[in-house]
Amino acid sequence: LFGAIDMAPRDPILGITEAFNADTNPAKINLGVGVYYDDNGKVPLLECVQKAESKLMEQQAPRTYLPIEGLAQYDKAVQELVFGANSPVIQEKRAVTVQALGGTGGLKIGADFLKRFAPDSQVYISDPSWENHRALFESAGFVVNHYAYYDPATHGVNFEGMLASLKSMPQGSIVVLHACCHNPTGADLTQEQWGAVIEAVKAGGLIPFLDMAYQGFGSGIAEDGAVVGRFVQAGGPLLVSNSFSKSFSLYGERVGALSVVASSAEEAARLLSQLKRVVRTNYSNPPVHGGKVVATVLSTPELRQLWEDELAHMRVRIKQMRDALVEKLKAKAPGHDFDFVRKQVGMFSYSGLTKEQVAKLRAESIYAVDTGRICVAALNSKNIDRVVDAIAKVL
Ligand code: PMP
């Protein structure tokens, strides 16, 4: 039965981590990851999370099953965060939210749900996009295409190209958009450009699926989430997956959600019943711990404030690393302009380094993705000089 099964392709990013782990050079640096590290090169355990966990430990609650759609307190907190507490879709009970296994789980529930109710639609993802978008929607049975997005010449968004792509999509196409902090490029749309995108999505009868894996890493929690409110205002169907992997540094707890906006409370109830069917037939119901931690933090005023402060600290540190990288490269590689790194947002930068340059960096035990993507959140005050010296050498 299994004799003829081929080896599946390796995950390119996890392959980098494997090579990094096998490297015995004590000065090795991994910029290939998609994880926030603090200035000591450690994945933080946020204080708000520790405090919420202490509180939960005291309660010694039994570990019963959660409802299929997850913890009610969590789903409510997610809606308020994603749509804004005063959103009409919450007041009118038009939004449904299911707790999911990270942002990936939210995308997968959404993909399976859409395949059931829009089976003939095709999916469009940005060129380039997070590498799992394609695989995930293909495995749900969709044909996946690209829309124009990144412009290597400007290291920013090819906005004309993007709009032209949107306008050429058949009605009913599913368009996956990064709500903020585009992975892998770090190039985001301006508020004005979002306006034009929303108009094109609406005019073309497209189905927008917002992937918000980095809320709070761009300009702020409300600022980064504002695009969701703008889509709501434009009307029509909307799906939003969100993740707390990065914003709560809870990667392995798998905490995320899928929210879907319906046109009425009655329609929303029908949608929820179908989303529950997808969940029930996949893993029945989500795990308790991460959802409880996030719900506790978001609904306890002092923990919520602490979280916002800790998230702001992560956001500011990344920006400082962007500034430092630009300034230090200016000094060490004066003929090269890296100012674009400052304009990019979130954890990543498409650095413009070529595959050959990335290979040369690897010979120095500095690991980046072949596409030139570096994780700015893996830079710190101790490793940045070595990174800058190595980049200057390979340029
Ligand atoms: N979408 C994007 C754009 C991402 O970068 C990531 C995480 N790398 C995810 C979704 C998935 O997040 P999670 O780890 O919570 O599943």
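So, how was this worked out
Residues numbered from 1 in each chain as written. Predicted model: local features only at pLDDT ≥ 70, side-chain atom pairs only at ≥ 80, totals over all residues. UniProt positions renumbered as here; feature names shortened; annotations may be inferred. Helix = DSSP H or I, 4+ residues; strand = E, 2+ residues; numbered from the N terminus. Domains from an automatic or database assignment. Contact = placed C-beta atoms within 7 Å. Nonpolar A, V, L, I, M, F, W, Y, C, P; charged D, E, K, R; others polar. Pairing = 2+ DSSP bridges. Axes fitted to C-alpha atoms, helices over the stretch in contact; angles between N-to-C directions. Near = placed C-beta within 6 Å.

Details of the UniProt feature "domain: Aminotransferase class I/classII large" (unreviewed entry) in the protein
Now for step 1: Sites flagged by UniProt as "domain: Aminotransferase class I/classII large" (unreviewed entry) map to residues 28-391.
Now for step 2: Its end C-alpha atoms 14 Å apart, residues 28-391 is made of 48% helix and 15% strand.

A closer look at the domain arrangement of the protein
Now for step 1: Segmentation of the protein into domains returns domain 1 (12-45 + 304-394) and domain 2 (65-299).
Now for step 2: Once you take the C-alpha centre of each, domain 1 and domain 2 turn out to be 27 Å apart.
Now for step 3: Contact residues are listed per partner, giving 24 residues for domain 1 and 25 residues for domain 2.
Now for step 4: Those elements giving two or more residues to the side of domain 1 that touches domain 2 turn out to be helix H12 (301-332), helix H13 (340-343) and strand E11 (348-350).
Now for step 5: A per-element tally of the side of domain 1 that touches domain 2 places H12 first, with 6 residues.
Now for step 6: Per-class residue counts for the side of domain 1 that touches domain 2 are 14 nonpolar, 5 polar and 5 charged.

Some remarks on the sheet that holds strand E7 (residues 174-178)
Adjacent strands of a sheet pair through backbone hydrogen bonds, lying either parallel or antiparallel.
Now for step 1: Taking strand neighbours across the sheet as the criterion, the 7 strands line up as E2-E10-E9-E8-E7-E3-E4 in an open arrangement whose pairing is mixed. Sheet topology places strand E2 (95-100) and strand E4 (144-148) at the edges, where each strand pairs with a single neighbour. With direction set aside, neighbouring strand axes in the sheet form an average angle of 25 degrees.
Now for step 2: Sheet analysis places E2 next to strand E10 (residues 256-261), joined by 6 bridges and oriented antiparallel. Its bridge partner being in E10, Ala95 is matched across the sheet by Val261.
Now for step 3: Sitting on the sheet, helix H3 (residues 72-83) touches E2, strand E8 (207-212), strand E9 (238-243) and E10, and the angle it makes with E2 is about 115 degrees.
Now for step 4: Those strands touched by helix H5 (residues 102-117) are E2, E7, E8, E9 and E10, and its axis lies near 155 degrees from that of E9.

Quick look at the site of the ligand
Now for step 1: Around the ligand, the neighbouring residues are Gly34, Gly102, Gly103, Thr104, Trp130, His178, Asn183, Asp211, Ala213, Ser243, Ser245 and Gly256.
Now for step 2: A breakdown of the residues in the shell around the ligand according to their chemical character gives 2 nonpolar, 9 polar and 1 charged.

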